[in-house]
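A look at the structure
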Amino acid sequence: MFAYYLDLALRSLKRNRVLTALMVLAIAVGIGASMTTLTVMHILSGDPMPGKSARLYFPQLDPAPADWKTPLHPRPMMDYRSAMDLWSAHRADRQALVVQSPVKVLAPGTGRPPLMLMMMSTTTDFFPMFDVPFAYGGAWTPADEAGRAHVAVISSDLNDRLFGGGNSVGRTLHLRDADVRIVGVLKPWRPTPLFYDPVGGITGSMTPTGFYGRPEDVFMPFLAGLDVNDGNFFQYTCWGSGPAKPGHLQDAPCLWLALWVELDSPAKAAAYRSFLDGYVRQQKALGRFAHIDTDMPDLMQQLDRAHAIPANVRLQTWLALSFLAICLFNMVGLLLAKFLQRSGEIGVRRALGASRPAVFAQCLAEAGLIGLIGGVGGWLLTLAGLWLVRRQQLPYSDLVHMDMPMFASTFVLAVAASLIAGLLPALRASRVAPALQLKTL
Amino acid sequence: MQIKPILSALKKHRLATFLIAMEIALACAVLCNAVFMIANRLTAMNLDSGVDESSLGAITVTGFDPAQATDLNARMVAGLRAVPGVESAQVISSVPFGAQSLVAGISLDPSGKKTPAVVQFYQGAPGTIDALGLKLEAGRLPATSDYQPLSGQEYFPAVSPVLVTRALAEHLWPGQNPLGREFWMAKWQFRVIGVLSHLSVSQYTEYAEQGAEWTVFVPTLPGGQLAGTYLIRAKPQDIESVMTTARAAVAKIAPEVVLDHENSHSVSFLRERFFRTDRAMAGMLVGVIVALLGVTALGIVGLASFWVAQRRKQIGIRRAIGATRGDILRYFQTENFLIVTFGIALGMALAFVLNAVLMKFYELPHLPLYYLPVGALALWALGQLAVLGPALRAANVPPVVATRSV
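What you are looking at is a predicted structure, and each value in this text was computed from that prediction instead of being measured.

Moving on to empty space enclosed by the protein. Residues and elements named next belong to chain B. What the rule picks out here adds up to three cavities of 30 Å³ or more. Looking at the second largest cavity, the residues that line it are Ile20, Ile300, Leu303, Ala304, Trp307, Glu335, Asn336, Ile339 and Val387. Taken together, the elements giving at least two residues each to the lining of the second largest cavity come down to helix 8 (276-310) and helix 10 (325-362). Here the element with the most residues in the lining of the second largest cavity is helix 8; it accounts for four residues. Its residues placed into classes, the lining of the second largest cavity shows seven nonpolar, one polar and one charged.

So, about the layout of surface pockets. All names here are of chain B. Within this model, the second largest pocket holds a volume of roughly 1,300 Å³. Forming the walls of the second largest pocket are 37 residues, and the residues nearest its centre are His13, Trp307, Gln310, Arg311 and Gln314. Along the lines of polarity and charge, the residues of the lining of the second largest pocket split into 20 nonpolar, nine polar and eight charged.

It is worth spelling out the state of the cysteines at this point. Residue and element names in this part refer to chain B. Considering all chains together, one arrives at one disulfide over all chains under this definition. No disulfide involves Cys32; its sulfur sits 4.3 Å from the nearest other cysteine sulfur, which is in Cys28. By relative accessible area, which is 2% here, Cys32 ends up buried.

Another point: the interface of chain A and chain B. Counting residues at the interface gives 42 residues for chain A, matched by 44 residues for chain B. Counting across the chain A and chain B interface gives one salt bridge. When the shortest N-O distance is used, the salt bridge between Arg176(A) and Asp65(B) registers 2.9 Å. Along the contact surface separating chain A from chain B lie five residue pairs in polar contact (both at pLDDT 80 or more). Looking at the side of chain A that touches chain B, the elements that each hand over two or more residues are helix 2 (17-44), strand 3 (115-122), helix 10 (311-341) and helix 13 (404-430) of chain A. No other element matches helix 10 of chain A, which puts 21 residues into the side of chain A that touches chain B. Grouping the constituent residues of the side of chain A that touches chain B by class yields 25 nonpolar, ten polar and seven charged.

Below, the discussion takes up unusual backbone geometry. What is expected of a backbone is that most residues other than glycine have negative phi and most peptide bonds are trans. Residues and elements named next belong to chain A. Cis geometry marks the peptide bond from Thr192 to Pro193; its omega dihedral reads -5°. Note that Pro193 resides in the loop between strand 7 (178-186) and strand 8 (218-221). A positive phi angle is found at Arg148, which is not glycine, with a value near 50°.

What counts as what
Residues numbered from 1 in each chain as written. Chains lettered and ligands numbered in written order. Predicted model: local features only at pLDDT ≥ 70, side-chain atom pairs only at ≥ 80, totals over all residues. Heavy atoms only, no water. 1 Å grid on protein atoms, 1.4 Å probe; cavity = no way out; pocket = protein on both sides within 12 Å on 5 of 7 lines; lining within 4 Å. Points joined across faces, edges and corners; volume = space filled by probe spheres on them. Helix = DSSP H or I, 4+ residues; strand = E, 2+ residues; numbered from the N terminus. Nonpolar A, V, L, I, M, F, W, Y, C, P; charged D, E, K, R; others polar. Disulfide = S-S within 2.5 Å. Buried < 20%, exposed > 50% of the residue type's maximum accessible area, 1.4 Å probe, protein only. Contact = heavy atoms within 4.5 Å. Salt bridge = Lys/Arg side-chain N within 4 Å of Asp/Glu carboxyl O. Polar contact = N/O pair within 3.5 Å; in protein donor to acceptor, adjacent residues only side chain to side chain.

Structural data, given as structure tokens:
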């Protein structure tokens, strides 16, 4: 029966080509616009750590004095002492301190001019915690970390640039004034969004890229990194008179560090929350803190709070969806016209024994077919739209592509939209009174 | 033209009429807001930087220690001045649209409890004001003795005579003479000696609670924290080639430092890059508007054609009993006008709802009222244009149709 309806639908579409073309065009344009923005949204709002993000948490507290009034509570970053206290307590399954800073990098013996790159000073759990893949070597050991060893892990990108992609473990990098031995080289790694920086690169980098930039090129043990690049750290914010020595923040009243913890069960997460609360209360009792508010969002909640997705992209998505709504209204009107034009034919079918549901189904089949054809057009327009997005030089331009789920949703959305648009006209058509129509033939 | 028969005909097609009206209403709401957003972007893109953008460029280097600052500045300035085509080269903290220099909250009393404004501090060596082409509106320019050195790791001299922009002066001291006024940032004190007509911040974001021109110029001698960024002035027609040569020259002038490729460009280029996303957004909005008007017009054409086809017999009868072609044409035009008017009335309300939502989530200002009549005119025109084809076809229906198969 369905095949017969499709055949009828095809005949009907061929009969009034202009009206068919108008409807297909409306669906295609509406789908093209909304799928372009939805694909960008889909890529930007993806889970950077699928399967693991619910176990990664971002503890927050507020070390600022009581008379320092800004609306943000608790703060997205920590001071040195709080971060070190929480980290040295080792209450989580894994935990990583993170701070970025620009560092001068020279590869002796390559004859290349020095580069200014972003360095991540972090603790060794960073790599297993965030599933960072290694091509050669591996992470530094906890002993390296405690001993402030001058060792580093470099990105695959930097390894390609400096050493032609070979195994560079054991070679030496000159970081600012220090010689640092390479212990690990990463495989290409690009978490999207770049979740572990809670403020989207507004500290540390001179040109913030938001949450869609590339990870750092050099990774060093936390304390060794602070030593090597001392004087080049940037604060998120400070109170009082700020740092005594610019770029040296260990003893300054400044927020500049972030801590991530991995907690493998909800019970452990609850235990960590109460540990965090206990710490803050204790610090208040000691007179070091004025506020006791804490928070511990998981990874996806943190991205949501940090407004990782650019406002422009959200706005475009809303615009595109309202545009799709306009296209749908348009299609309802045209379908209504099309079905009622055929009232006579429907009257004959009804008189010959077709039930109302049968007429209804036949009309919906026609609407669905239009949606399917419109979906093909919409898919092509989406590809064109994504090409336009790629041509704009945005931080995430190179990430934008259509994956299988989005390809499938293009057609699902197109057919679903046209079926919804077809509901009302089909209902009207199935209510046509056969006798009245037969008289006018 | 009688409206009553048109209305009673429309009553028979309530659903179709409602659909077209809703389409018009949505189009009206999106159109008004999209045009308004484009206008907003264009205003933002017209930001007056206050400097001679076409003749200026910046060279930024990093990767040196503060102890080397004075030596580096001397070598860089001498080296850059030797680049052919360079009219002047000076040490500056930042240029408009370049990397941001110090941004901080200031207070009008030394206690620093209240910060009425977050401002950007520009620092520049003697000659920078001339090179930038800043226009003084009141007060005086800094004298040679006003340029003070920075000691150690300090950001500013203890007390600095400064220039502020007209916009910042109006914000801090509305309606009062700003000359001689003082303000503080942490432990540093600043005294206003002159007012600049314009000088924009480096990286303006409309979301930050910071004015686009809330800037302070602090005359400072190079050295210490003031090092690494150099203002280049050249003839507008030479600036791009001069900048290319200057970027290449850095490797010879100071091989030990790292050129910041991102921020070493002509100010025109930096400006173009800064507004790239705004331009892309405006472009996308124009695309949405065109597609929107196109789809709406097609919808009107489709439905009007259907109605004309459906009413061929009636049109024939009307023609047979004396209606002119003009009558038929005007009938369909009036019908369209009525539907569009109904849609616009709904659309105006919708436009304000949409604007309220946008204001809440995207910090957009209020939609000015004059957008509504303009949007209405555009949609009326669109409706009339779209219906013209089907209406002309209707007018061409011969009266003889009436005699066939009635």
